[in-house]
Amino acid sequence: MAPTREADPHVSRTSRGLGLELVRQLARSPTNRVIAACRNSDRATALHSLTSGAKGDLHVLELDVGDPASIRDSVKTVEHILGDSGLDYLYNNAGVNAKIDDAFGLDCGDFMKALEINVAAPALLAQAYLPLIEKSQRKVIVNVSSRYGSVSLDRGPTWPVYSITKSALNMLTYKQAKARPDLIVISLAPGWVKTDMGGPNAALEPHQSVEDQLRIVTGLTPQDSGKFFNHTGEVYPY
Ligand SMILES: NC(=O)c1ccc[n+]([C@@H]2O[C@H](COP(=O)([O-])OP(=O)(O)OC[C@H]3O[C@@H](n4cnc5c(N)ncnc54)[C@H](OP(=O)(O)O)[C@@H]3O)[C@@H](O)[C@H]2O)c1
């Protein structure tokens, strides 16, 4: 992923929005090996269209992060692609919002789905990919979070389900970092970005957020592990 390193292998979830832009930017570098995961490969036309112009080594992989069997199967495919190399960056970008989001009117199905995709999936992915991460010198896990995941930043009553899941994701980051000091695990808030999730009035274009994200992620040191960054590099309180 870092242009200065040789063939940095990288897995992310990427059919649209920030994931797609991540792949677009990463695939520009001939030194990057990018493994882009998407839920439905047949429908991921924008993602497939990047393969022809990629200067780096770009692989597209089918992965439904809500399905533990799909996670397990993806590891075998990635292992095959990497050969003897380890996985330098696991970028847990996939996320969902809840359709009904009211602190006193939760829809149970929505709530469980958001917990599954925003919290359980990054946890299971890190678990499943740990042996490949351990083989790398870089060993970075990025959990894509949100300002809404911080209690201290006070986002008011808006989006409780989403906020609860991102708070839980931040706690996952903290626990992973404490459990494994040899890894670099961070939470990263991408800013308010014009995607399907962020909407058309958001402050940032996807390319701006991703340029910022990559600057932070490629510059991480072991001292950064366990921290919650925003896209400008500011450390947010949990
Ligand atoms: N945009 C913002 O303003 C903003 C702000 C703060 C945080 N974030 C976070 O940034 C991340 C990316 O957001 P975004 O704005 O790019 O959202 P988005 O445009 O809604 O895209 C969501 C992505 O997640 C994927 N995904 C959802 N469920 C999946 C599953 N079960 N398996 C595999 N992939 C799945 C989607 O794939 P499909 O195409 O298959 O549905 C899509 O690629 C999320 O974690 C989000 O919470 C975004």
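Cut-offs and rules
- Residues numbered from 1 in each chain as written.
- Predicted model: local features only at pLDDT ≥ 70, side-chain atom pairs only at ≥ 80, totals over all residues.
- Heavy atoms only, no water.
- Near = heavy atom within 4 Å.
- Polar contact = N/O pair within 3.5 Å; in protein donor to acceptor, adjacent residues only side chain to side chain.
- Areas by Shrake-Rupley, 256 points an atom, 1.4 Å probe, with all protein chains shown as cover.
- Helix = DSSP H or I, 4+ residues; strand = E, 2+ residues; numbered from the N terminus.
- Buried < 20%, exposed > 50% of the residue type's maximum accessible area, 1.4 Å probe, protein only.
- Lys, Arg positive; Asp, Glu negative; His and termini not counted.
- Salt bridge = Lys/Arg side-chain N within 4 Å of Asp/Glu carboxyl O.
- Pairing = 2+ DSSP bridges.
- Right-handed = clockwise from strand over helix to strand, strands pointing away.
- Phe/Tyr/Trp six-rings, centres within 6.5 Å; stacked < 30°, edge-to-face > 60°.
- Lys NZ or Arg CZ within 6 Å of the ring centre and 35° of its normal.
- Expected span 1.5 Å × (residues − 1).
- Contact = heavy atoms within 4.5 Å.

Asker: Is there a simple way to think about the site of the ligand in this case?
Answerer: The environment of the ligand is formed by 27 residues, the closest being Ser 15, Arg 16, Arg 39, Tyr 162 and Thr 195. In the environment of the ligand, an oxygen atom lies 2.8 Å from a nitrogen or oxygen atom belonging to the backbone of Asn 93. In this structure, Lys 166 approaches the ligand through a side-chain N or O atom, which is 3.0 Å from an oxygen atom. Protein burial of the ligand: of its 890 Å² of free accessible surface, 93% is covered by the chains. Of all the secondary-structure elements, those providing two or more residues to the shell around the ligand are helix H1 (17-26) and helix H5 (160-179).

Asker: So what exactly am I meant to see when it comes to the side chain of Lys 166 here?
Answerer: Relative to the helices and strands, Lys 166 resides in helix H5. Buried charged residue Lys 166 carries no salt bridge. Nearest counter-charge: Asp 101, at 12 Å. Polar side-chain contacts of Lys 166 include one of 2.9 Å to the backbone oxygen of Val 144.

Asker: Explain the pairing of strand E3 (residues 57-62) here, please?
Answerer: One face of the sheet, then the other: side chains in a regular strand alternate in exactly this way. Where strand E2 (residues 32-38) lies against E3, six bridges are found, and the strand directions are parallel. Paired with Ala 37 across the strands is Leu 61, a residue of E3. Regarding topology, helix H2 (residues 45-53) serves as the crossover connection from E2 to the parallel E3, and that connection is right-handed.

Asker: Could you clarify how one ought to interpret the packing of aromatic side chains in this entry?
Answerer: A full pass over the atoms with the stated rule returns six aromatic pairs. Relative to Tyr 162, the ring of Tyr 148 has its centre 6.4 Å away and its plane inclined at 65°; by these criteria the two rings are edge-to-face. Of this pair, Tyr 148 sits in the loop between strand E5 (140-144) and H5 while Tyr 162 is found in helix H5, placing the two residues 14 residues apart along the sequence. With respect to class, Tyr 148 is no different from Tyr 162; both count as buried. Between Tyr 174 and Tyr 238 the ring centres are 6.3 Å apart and the planes differ by 80°, which places this aromatic pair in the edge-to-face class. Separated by 64 residues along the polypeptide, Tyr 174 in helix H5 and Tyr 238 in the segment after strand E7 (228-230) bring together distant segments of the chain. Given a relative accessible area of 34%, Tyr 238 falls into the partly exposed group. In textbook terms, an aromatic cluster arises when at least three aromatic residues are bridged by ring pairs, as seen for Tyr 174, Phe 228, Tyr 236 and Tyr 238. Just above the ring of Tyr 148 sits the side chain of Arg 155; from NZ or CZ to the centre is 4.8 Å.

Asker: Please clarify how the pairing of E2 should be interpreted in this entry.
Answerer: Of all seven residues in E2, seven are buried, a share of seventy percent or more. Here E2 shows a buried face lined by Asn 32, Val 34, Ala 36 and Cys 38 and a second buried face lined by Arg 33, Ile 35 and Ala 37.

Asker: Explain unusual backbone geometry to me, please; I cannot follow it from the model alone.
Answerer: It is generally the case that most residues other than glycine have a negative phi and that most peptide bonds are trans. You will see that Lys 139, though not glycine, has its phi angle at about 60°, which is positive. Within the secondary structure, Lys 139 sits in the loop between helix H4 (108-134) and E5. Judged by relative accessible area, which is 16%, Lys 139 ranks as buried.

Asker: So what exactly am I meant to see when it comes to helix H6 (residues 206-218) here?
Answerer: Since the α-helix turns once every 3.6 residues, residues separated by three or four places project in the same direction. With 13 residues, H6 should cover 18 Å at 1.5 Å per step; its first-to-last C-alpha distance of 18 Å lies within 8% of that length. Turning to H6, its buried residues number three or more, namely Pro 206, Ser 209, Val 210, Asp 212, Gln 213, Leu 214, Ile 216 and Val 217. Here the buried face of H6 lies against H1, strand E4 (89-92), E5, strand E6 (184-189) and E7.

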